[in-house]
Each structure stands twice: as structure tokens, then as C-alpha cells.
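# Breakdown of the fold
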Amino acid sequence: PDRDHLARADPGGAPVRLTFAQGQGLGCPQLTQSSTPKGGHVTDELNYLSAGAAQRKFLARELSPVELMEATIARIEAVDPSVNAVPIRFFDEALRAARLAQERFAGKHGGPRPLEGIPIAVKDEVEVAGQPCTAGSLVFKDNVADITAASVQRIIDAGGIIHVRTTTPAFC
């Protein structure tokens, strides 16, 4: 059977009804009703762009890193209450980083890097300096990482924007 889900087209925007049809691979939603926010995009469609497609749209000025981050945040806020996969969020910091990425695409600050403006989720088991790192366990609920894992640092250095920490089973 199909399952419906309502998502916001943009913060404060009209809802978009998504239908998750059985037998669609990983259950990717099909837009059955569309609403277009001020940027001219259906926000949920943006969440299914590849990093390369997003970068091409950034370069062509068809999409901004801020619009993509806003769409990502809207999707998380719409879906996560029922999924419970995003316990730690850095939306304000992510939006600031997206504005800086937008400036890089405008030729400032040395220009865009390979992952410039791309929202990146990091598992709670991977250390990011200054961010909570519980390894999925209440035992470490107050733990804050002192260092950033090399893999995450490479993403940050390439312009990826860490906007959330996702759940992980304890001690994986």
C-alpha cells in the first residue's frame, strides 16, 4: 500500500504531499502534489540531487547553497519526527556556512571547493571537534569531541557542510 507524508515546501510554505509507493526501490517519494517556493523549486526534489548535480546548479546560478540547505532542513524537520534519525542538529551554523559557500560561488574567498555547499550528515560515532560524540550510548551523553576525525576534516576542507549528526547503534 502507498504511504503519504506531508513535507513543507519551504519553512512556513505550503505542504507538499509525497507518496511512498511500494516496490519503488528504496521507497523514494514521488511528488503527487507540488508546491513551488520562492526559489522556484519543489524543496523535496532538491533533496534527491546528487552532489555533482547540486554543484552544477550552483555554478549555473540555478540554485544556491542556502536554498539547498533550507530544503535539507525543511525535509529533516518534516520527516525526522517519525524517523528519529537526527538527534543532533546544527542548522544555524549550517546556514551560516551555506551563505559563505554562496559567496565562494560568487568568486569570493578563493572560489568554490570540490564539495562547496553540499549538506553532509555525520554519524554520531565519528568525532567532530566541539560537537557531541556519544557513540550512540547514554554513557557518553555529555561527551564532546576534542578532535575532528581525518575523514570529516577532509569533507570540511573540501567545502562540505556538516549540518546534523545521525543516530548510530551503541558502540559501533
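Each remark here, short or long, concerns the structure printed above.
## Remarks on the packing of aromatic side chains
For the structure shown, the criterion picks out one aromatic pair. Ring geometry for Phe58 versus Phe105: centroids 5.1 Å apart, planes at 65 degrees, classification edge-to-face. Highlighted residues: Phe58 in helix H2 (residues 51-59) and Phe105 in helix H4 (residues 91-105), separated in sequence by 47 residues. With respect to class, Phe58 is no different from Phe105; both count as buried.

## Points about the environment of Ala94
Here Ala94 lies in helix H4. Residue classification places Ala94 among the buried positions, given a relative accessible area of 0%. In the structure, Ala94 is positioned 69 residues away from His163 in sequence and 5.2 Å away in space, judged by C-alpha atoms. Discounting chain neighbours no more than four positions away, the residues touching Ala94 are Met69, Ile161, Ile162 and His163.

## Things to note about the nonpolar core
Ranked by size, the top nonpolar core spans 13 residues in total, and within it Phe58, Leu68 and Val122 carry the most contacts. Within the residue set of this core, elements represented by two or more residues are H2, helix H3 (65-83) and strand E5 (119-123). Sequence-distant contacts of Val122, that is, excluding residues within four places in its chain, are made with Val128, Val152, Ile162, Val164, Arg165 and Thr166. Formed by eleven residues, the second largest nonpolar core is a distinct cluster that contains Val66, Val86, Phe91 and Ala94.

Thresholds applied
- Residues numbered from 1 in each chain as written.
- Predicted model: local features only at pLDDT ≥ 70, side-chain atom pairs only at ≥ 80, totals over all residues.
- Heavy atoms only, no water.
- Phe/Tyr/Trp six-rings, centres within 6.5 Å; stacked < 30°, edge-to-face > 60°.
- Helix = DSSP H or I, 4+ residues; strand = E, 2+ residues; numbered from the N terminus.
- Buried < 20%, exposed > 50% of the residue type's maximum accessible area, 1.4 Å probe, protein only.
- Contact = heavy atoms within 4.5 Å.
- Core = buried A, V, L, I, M, F, W, Y, C linked by side-chain atoms within 4.5 Å.

Read these as geometric descriptors, not functional statements.
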